[in-house]
Amino acid sequence: VDSLLARGVNGRGALLTAAGLTIAGARVRIIDIPSMWGTGNAAIEPASFFSPQAIAFIRSEGLSGPLFNSNNLGGYLAFNLYPDVQIFQDSRFQSYPPDHFRAILRASESPQEWAQMQLAAGVDWAVLSRPRPDALSGVGRFPQAEWTTVFRDEAIEIVVRRSGRFAAVAAKR
């Protein structure tokens, strides 16, 4: 906009040009944009990605300490639950060394290596992103023989180790 104004384009023309370029360069269809607007908490925590109910569940059940979390949930969990929880990863990639993510990707290919990674980190619970399963999400990596789902909604699934620190939470479910 500043560049256009410096070239003598009037304010209205600069604004319309910037808006047009933004719309043209958007990776979202223009007709979908209004449906993505939210107000209040819906703007900050869209139900399809985040879950205030999951946060309330974690607090009410006393889940704390180290957990495995889907990559896209790290910042959300840290913002809402720090210092009671220690997240495993965060999509702000500069927060962890590249080797950390390579280790997760490598372990996601081997059930034995995945289980060893969780044990080594002291993980007895996990918060998984339901709408975005991928190698960094952990979805499908927690076998029912050892883990059980204790919370599930549109956005998040929480699993706990049946024989871990939160066995009592598992037993209630």
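Everything below is about the structure printed above this text.
Please read all numbers here as calculations on a predicted model, not as lab measurements.

A. Fine view of helix H8 (residues 111-120). Within H8, burial applies to Trp114, Met117 and Gln118. Buried residues in H8, looked at end-on, bunch into an arc of 95°, giving them a common side. Of the exposed residues in H8, the ones pointing more than 90 degrees away from its buried face are Gln112, Leu119 and Ala120. In the core, the buried residues of H8 are packed alongside strand E2 (68-69), helix H7 (98-107) and strand E6 (156-161).

B. Expanded view of the packing of H7 against H8. H8 packs onto H7 with a crossing angle of 135° between their chain directions and a minimal axis gap of 8 Å. What the angle tells us is that H7 and H8 run oblique. Residue-level inspection shows Ala103, Ile104, Arg106 and Ala107 of H7 in contact with H8, the latter providing Glu113, Trp114 and Met117. Of the residues assigned to the contact of H7 with H8, the class counts are 5 nonpolar, no polar and 2 charged.

C. Focus on the pairing of strand E5 (residues 147-152). One ladder, built from 5 bridges, connects E5 with E6; its direction is antiparallel. When the bridges of E6 are listed, tryptophan 147 appears paired with arginine 161. Counting the residues between successive antiparallel strands, the hairpin from E5 to E6 contains 3 residues.

D. Representation of the sheet that holds E2 within the structure. Across the sheet, 4 strands lie side by side as E2-E4-E6-E5; this open sheet has mixed pairing. Strands at the two margins of the open sheet, each flanked by one partner only, are E2 and E5. Judged from the 5 bridges that link them, strand E4 (residues 125-129) and E6 form a sheet pairing that is antiparallel. Looking across to E6, one finds that tryptophan 125 is bridged to valine 160.

E. Seen up close, the side chain of asparagine 69. Within the secondary structure layout, asparagine 69 lies in strand E2. For asparagine 69, a relative accessible area of 0% translates into the label buried. A distance of 2.8 Å separates a polar side-chain atom of asparagine 69 from the backbone oxygen of glutamine 89. Apart from the residues lying within four places of it in its own chain, the contact partners of asparagine 69 are Gly74, Leu77, Ile87, Phe88, Gln89, Val127 and Leu136.

Analysis parameters
Residues numbered from 1 in each chain as written. Predicted model: local features only at pLDDT ≥ 70, side-chain atom pairs only at ≥ 80, totals over all residues. Heavy atoms only, no water. Buried < 20%, exposed > 50% of the residue type's maximum accessible area, 1.4 Å probe, protein only. Helix = DSSP H or I, 4+ residues; strand = E, 2+ residues; numbered from the N terminus. Arc of directions from axis to C-beta. Contact = heavy atoms within 4.5 Å. Axes fitted to C-alpha atoms, helices over the stretch in contact; angles between N-to-C directions. Parallel < 35°, antiparallel > 145°, perpendicular 65-115°, else oblique. Nonpolar A, V, L, I, M, F, W, Y, C, P; charged D, E, K, R; others polar. Pairing = 2+ DSSP bridges. Polar contact = N/O pair within 3.5 Å; in protein donor to acceptor, adjacent residues only side chain to side chain.

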